[in-house]
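# Examination of the molecular architecture
Spelled out, the chains give:
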Amino acid sequence: MAKKYVVALDQGTTSSRAIIFDHDANIVSVSQREFPQIYPQAGWVEHDPMEIWASQSSTLIELLARSGIHGSEVAAIGITNQRETTVIWDKLTGKPVYNAIVWQCRRSSHICDELKAQGLEDYVRETTGLLLDPYFSGTKIKWILDNVAGVRERAEKGELLFGTIDTWLVWKLTEGKVHVTDPTNASRTLLFNIHTQQWDSKLLEALDIPRSLLPDIKPSCAVYGKTRIAGEGGEINIAGIAGDQQSALFGQLCIDEGMAKNTYGTGCFLLMNTGKQAVKSTHGLLTTVAIGADCEVNYALEGAVFMGGATIQWLRDELGLIRDAQDTEYFASKVEDTNGVYLVPAFVGLGAPYWDPNARGALVGLTRGSNRNHIIRAALEAIAYQSRDLLDAMAKDSGVMLKQLKVDGGAVSNDFLMQFQADITNVEVQRPVITETTAMGAAFLAGLAVGFWSSTSELKYKADIERTFMPSISTEKCDELYSGWNAAVAQTIKA
Ligand SMILES: Nc1ncnc2c1ncn2[C@@H]1O[C@H](COP(=O)(O)OP(=O)(O)O)[C@@H](O)[C@H]1O
Ligand SMILES: O=P(O)(O)OC[C@H](O)CO
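Small disclaimer: the values here were computed from a predicted structure and weren't measured.

### Focus: the sheet that holds strand S14 (residues 236-243)
In spatial order, the strands read S3-S2-S1-S5-S14-S13; together these 6 strands make up an open sheet with mixed pairing. Each edge of the open sheet carries a strand with a single partner, namely strand S3 (27-34) and strand S13 (223-227). On average, each strand axis in the sheet is inclined to that of its neighbour by 25°, with strand direction left out of account. Looking at chain direction, strand S1 (residues 5-11) and strand S5 (residues 74-81) are connected through 7 bridges and run parallel. What sits directly across from Gln11, in S5, is Asn81. Its contacts with the sheet place helix H9 (residues 244-251) against S5 and S14, and it is angled at close to 100° to S14.

This is the structure in structure tokens:
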């Protein structure tokens, strides 16, 4: 049958989604399933890899069944995933030896301290582009090897395999035939030399991780294998893998140097394509692998804000100030400003550019006249201020003063937030027509790998802008507001 569609599997932190795109890159159908979060102790986060597989495979089957599309009409399946989350499984039985340790989990911070004590910080920075933080996979792997009975012995005998979620899904989809990852995911493991594009022997040794655990590294745009899962007797190509933030960068067609996107989900992830140059940050950003115009390896600077949309969830769930995230726009617009109130949502410490795990949240500038609307407005503004912090760090590291910022993620439907972002950063904020850019990136990679699309230039028109938010406040006003934010942040760091 004629190949009319491409499917993207978007395996996120809280849900698994499958989306069908047609040749015009229109969304034909979406299927989504949430799965349980496991919190065994304070600061620990796990997922059951089998729940991930069950939720992801069922969305794929449901998607095709519901839309009446036969597997033989699908040119390829692309995969995009929550990054860093770590799975180890038995290569014969396919059974995980432990739950997946999620990117948010802080349990391996003592291993990071040990590596720092060994003087490895600079080496890690230079080689991997990352920091010694439990966020990344390497210390999570070591934790499993050291703490789950019998696992190190089995790993040393070559019986086990490691993967980030892309690798785990491809392994399951190919019924245990293919053990692979791509450079964007590899660049989040702490084990990957981003300059040579190889696993790094010195870091494997420092973390005592057997090389036999590691997947092969193939380009982000390639055919990795085939799956029979939804083919009804036939097989579908698995082609195209990217970590979700790099996939969104590619989906927004930020494929040239100096182009940037910010994703406003639970956290905020700002990435700027720096072309062939791996720019080393001196302002707390990460250097990571991205995907360029010909799908070749590019680099990006990345900054992460831990509490983005999650700040709004906190207003709703802990303070009960709103019933729904979208109500924030209405309440924030009822007041002219926050009346000097700032909310610094350092609830789990501060990420880039501060990297202060001990900072804690603060609500400052309260007066008798402060009301609910001011606090709600301050929460939305905090998302934009944190993103401005990242943009400033990026300008200092890259020398590029952005004029335009492409945005995506759940919170970009908030017009107040988008306008304030434009005001406080003095950049044009461009919201695309299709905000499913993460899935679109994986679909593009898969379609390009099998010739469904010929080149990224064929896709350019798909990055249509729905609305541009223009900066509208004076420089003086902007500076005054931002210096208030800096003063508020300084208080949380001191505390
Ligand atoms: N209209 C809105 N205004 C502000 N925040 C919003 C709005 N809609 C959703 N959000 C926030 O966006 C987040 C959901 O976005 P999403 O991209 O689905 O996140 P993730 O992929 O990280 O789960 C939630 O944290 C929610 O609070
Ligand atoms: O699943 P998301 O969208 O919260 O993204 C998680 C990031 O990839 C973590 O690095």
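### Side note on the UniProt feature "binding site: glycerol" (unreviewed entry) in the protein
As recorded in UniProt, the sites labelled "binding site: glycerol" (unreviewed entry) are Arg83, Glu84, Tyr135, Asp244 and Gln245. As for its placement among the helices and strands, Arg83 is situated in the loop between S5 and strand S6 (87-90). Discounting residues that sit within four places of it in the chain, Arg83 has contacts with Trp103, Tyr135, Asn185, Arg188, Gly243, Asp244, Gln245, Gln246, Phe269 and Glu302. Among the polar contacts listed, one links the side chain of Arg83 to the side chain of Tyr135, at a separation of 3.4 Å. Within the secondary structure, Tyr135 is located in the loop between helix H3 (121-128) and helix H4 (137-147). Setting aside residues no more than four positions away along its own chain, Tyr135 makes contact with Arg83, Glu84, Trp103, Arg106, Lys140, Arg188, Phe269, Leu286 and Glu302.

### Brief notes about the site of ligand 1
Near ligand 1 you find 15 residues, and of these Thr266, Gly309, Gln313, Gly410 and Asn414 are the closest. Take Thr266: an N or O atom from its side chain is 2.6 Å from an oxygen atom of ligand 1. Protein burial of ligand 1: of its 580 Å² of free accessible surface, 70% is covered by the chains. In terms of residue class, the shell around ligand 1 is built from 4 nonpolar, 11 polar and no charged.

### A short note on the site of ligand 2
Surveying the vicinity of ligand 2 reveals the residues Gly12, Thr13, Gln82, Arg83, Glu84, Trp103, Tyr135, Asp244, Gln245 and Phe269. A distance of 3.1 Å is found between an oxygen atom of ligand 2 and a side-chain nitrogen or oxygen belonging to Arg83. Within the side chain of Glu84, one N or O atom sits 2.7 Å away from an oxygen atom of ligand 2. With the chains in place, 85% of the 310 Å² that ligand 2 exposes on its own is no longer accessible.

### Structural notes on the packing of aromatic side chains
What describes a pair of aromatic rings is the distance from one ring centre to the other and the angle between the planes of the rings. This structure, assessed with the given rule, holds 18 aromatic pairs. Ring geometry for Phe306 against Trp355: centres 6.2 Å apart, planes inclined by 75°, an arrangement best described as edge-to-face. Of this pair, Phe306 sits in the loop between strand S18 (297-305) and helix H10 (309-317) while Trp355 sits in the loop between strand S19 (342-344) and strand S20 (362-364), and the two are 49 residues apart along the sequence. Between Phe444 and Trp453 the ring centres are 5.6 Å apart and the planes differ by 85°, which places this aromatic pair in the edge-to-face class. Residue Trp453 is classed as buried on the basis of its relative accessible area, which comes to 2%. An aromatic cluster is defined as three or more aromatic residues linked by ring pairs; in this entry it consists of Tyr342, Tyr385, Phe416, Phe420, Tyr482 and Trp485. The ring of Tyr123 is capped by Lys202, whose NZ or CZ atom sits 4.2 Å from the centre of that ring. Lying over the aromatic face of Phe331, Arg372 brings its terminal NZ or CZ to 4.2 Å of the ring centre.

### A short note on the packing of H10 against helix H12 (residues 372-398)
Between H10 and H12, the shortest axis-to-axis distance is 8 Å and the interhelical angle comes to 160°. Classified by the interaxial angle, the pair formed by H10 and H12 is roughly antiparallel. The two elements H10 and H12 meet at a crossing, and its hand is right-handed. Seen from H10, the contacting residues are Gly309, Thr311, Ile312 and Leu315; seen from H12, they are Ile375, Ile376, Ala379, Leu380 and Ile383. Split into classes, the residues belonging to the contact of H10 with H12 amount to 7 nonpolar, 2 polar and no charged.

### Side note on the sheet that holds strand S17 (residues 286-291)
Read across the sheet, 7 strands follow the order S17-S18-S16-S15-S21-S22-S23 without closing on themselves; strand pairing throughout is mixed. Strand pairing shows two members of the sheet lacking a second neighbour, S17 and strand S23 (465-469), which therefore form its edges. Averaged over all pairs of adjacent strands, the angle between strand axes in this sheet comes to 30°, irrespective of strand direction. Both strand S15 (residues 260-264) and strand S16 (residues 268-273) contribute to a ladder of 5 bridges, which runs antiparallel. Of the residues in S16, the one forming a bridge with Lys261 is Leu271.

### Describing the nonpolar core
Judged by nonpolar contacts, the single largest core of 106 residues is most densely connected at Leu213, Tyr264 and Leu405. When residues in this core are grouped by element, the largest group, 13 residues, is from H12. The contact partners of Leu213, leaving out residues within four places of it in the chain, are Ile88, Ile141, Leu145, Ala155, Leu160, Leu161, Phe162 and His179. With 33 residues, the next largest nonpolar core counts Val178, Tyr224, Ile236 and Ile238 among its residues.

So, how was this worked out
- Residues numbered from 1 in each chain as written.
- Chains lettered and ligands numbered in written order.
- Predicted model: local features only at pLDDT ≥ 70, side-chain atom pairs only at ≥ 80, totals over all residues.
- Heavy atoms only, no water.
- Pairing = 2+ DSSP bridges.
- Helix = DSSP H or I, 4+ residues; strand = E, 2+ residues; numbered from the N terminus.
- Axes fitted to C-alpha atoms, helices over the stretch in contact; angles between N-to-C directions.
- Contact = heavy atoms within 4.5 Å.
- UniProt positions renumbered as here; feature names shortened; annotations may be inferred.
- Polar contact = N/O pair within 3.5 Å; in protein donor to acceptor, adjacent residues only side chain to side chain.
- Near = heavy atom within 4 Å.
- Areas by Shrake-Rupley, 256 points an atom, 1.4 Å probe, with all protein chains shown as cover.
- Nonpolar A, V, L, I, M, F, W, Y, C, P; charged D, E, K, R; others polar.
- Phe/Tyr/Trp six-rings, centres within 6.5 Å; stacked < 30°, edge-to-face > 60°.
- Buried < 20%, exposed > 50% of the residue type's maximum accessible area, 1.4 Å probe, protein only.
- Lys NZ or Arg CZ within 6 Å of the ring centre and 35° of its normal.
- Parallel < 35°, antiparallel > 145°, perpendicular 65-115°, else oblique.
- Left-handed = near helix turned anticlockwise from the far one by under 90°.
- Core = buried A, V, L, I, M, F, W, Y, C linked by side-chain atoms within 4.5 Å.

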